[in-house]
Amino acid sequence: MGTSTDYIRYAAKLSRKLYLDASMGTPAAPDPEFYKTLAKALEDIADGLDQASKRRD
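Criteria and cut-off values
- Residues numbered from 1 in each chain as written.
- Predicted model: local features only at pLDDT ≥ 70, side-chain atom pairs only at ≥ 80, totals over all residues.
- Heavy atoms only, no water.
- Helix = DSSP H or I, 4+ residues; strand = E, 2+ residues; numbered from the N terminus.
- Expected span 1.5 Å × (residues − 1).
- Contact = heavy atoms within 4.5 Å.
- Patch = residues over 30% accessible without salt bridge, like charges linked within 9 Å, V, L, I, M, F, W, Y side chains within 5 Å.
- Areas by Shrake-Rupley, 256 points an atom, 1.4 Å probe, with all protein chains shown as cover.
- Salt bridge = Lys/Arg side-chain N within 4 Å of Asp/Glu carboxyl O.
- Buried < 20%, exposed > 50% of the residue type's maximum accessible area, 1.4 Å probe, protein only.

Some remarks on helix 1 (residues 6–23)
Moving on, step 1. Under the 1.5 Å per step criterion, the end-to-end length of helix 1 is 26 Å for 18 residues, consistent within 8% with the ideal 26 Å.
Moving on, step 2. At its buried positions, helix 1 is contacted by helix 2 (32–56).
Moving on, step 3. Looking at the residues trailing helix 1, positive phi occurs at glycine 25, about 100 degrees.

If you want it as structure tokens, here you go:
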């Protein structure tokens, strides 16, 4: 079973939004939702890497 990429893609979307807002002059201030989603995405990435390394062993 593979890991879901939903949180990873959502974190990327929020990151792009912050970047675009900052380029338009709006101060880039991530909200708590961004950090929560980023943390979940990083956990998903770590889980996927763990699964991939177990399959290789």
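Here the narrative resumes, following the displayed structure.
Describing a nonpolar patch on the surface
Moving on, step 1. Taken together, the side chains of Leu42, Ile45 and Leu49 make up a nonpolar region of the molecular surface, amounting to roughly 280 Å² of accessible area.
Moving on, step 2. Within the secondary structure layout, leucine 42 lies in helix 2.

Some words on the pattern of salt bridges
Moving on, step 1. Throughout the structure, instances matching the rule amount to two salt bridges.
Moving on, step 2. A salt bridge links lysine 17 to aspartate 21; the nearest nitrogen and oxygen atoms lie 2.9 Å apart. Of the two residues, lysine 17 and aspartate 21 both sit in helix 1, four residues apart, roughly one turn of that helix.
Moving on, step 3. Among the salt bridges present, the one from lysine 40 reaches aspartate 44, with a minimum N-O distance of 3.4 Å. Taken together, the residues lysine 40 and aspartate 44, both in helix 2 and four residues apart, mark about one turn of the helix.
Moving on, step 4. Among the residues examined, lysine 40 registers a relative accessible area of 29% and is labelled partly exposed.
Moving on, step 5. Look at aspartate 44 and you get buried, because its relative accessible area is 9%.

Overview of helix 2
Moving on, step 1. Along its 25 residues, helix 2 runs 36 Å from first to last C-alpha, staying within 8% of the 36 Å computed at 1.5 Å per residue.
Moving on, step 2. Those residues of helix 2 not exposed but buried are Phe34, Thr37, Ala41, Asp44 and Gly48.
Moving on, step 3. Contacts made by the buried residues of helix 2 are with helix 1.

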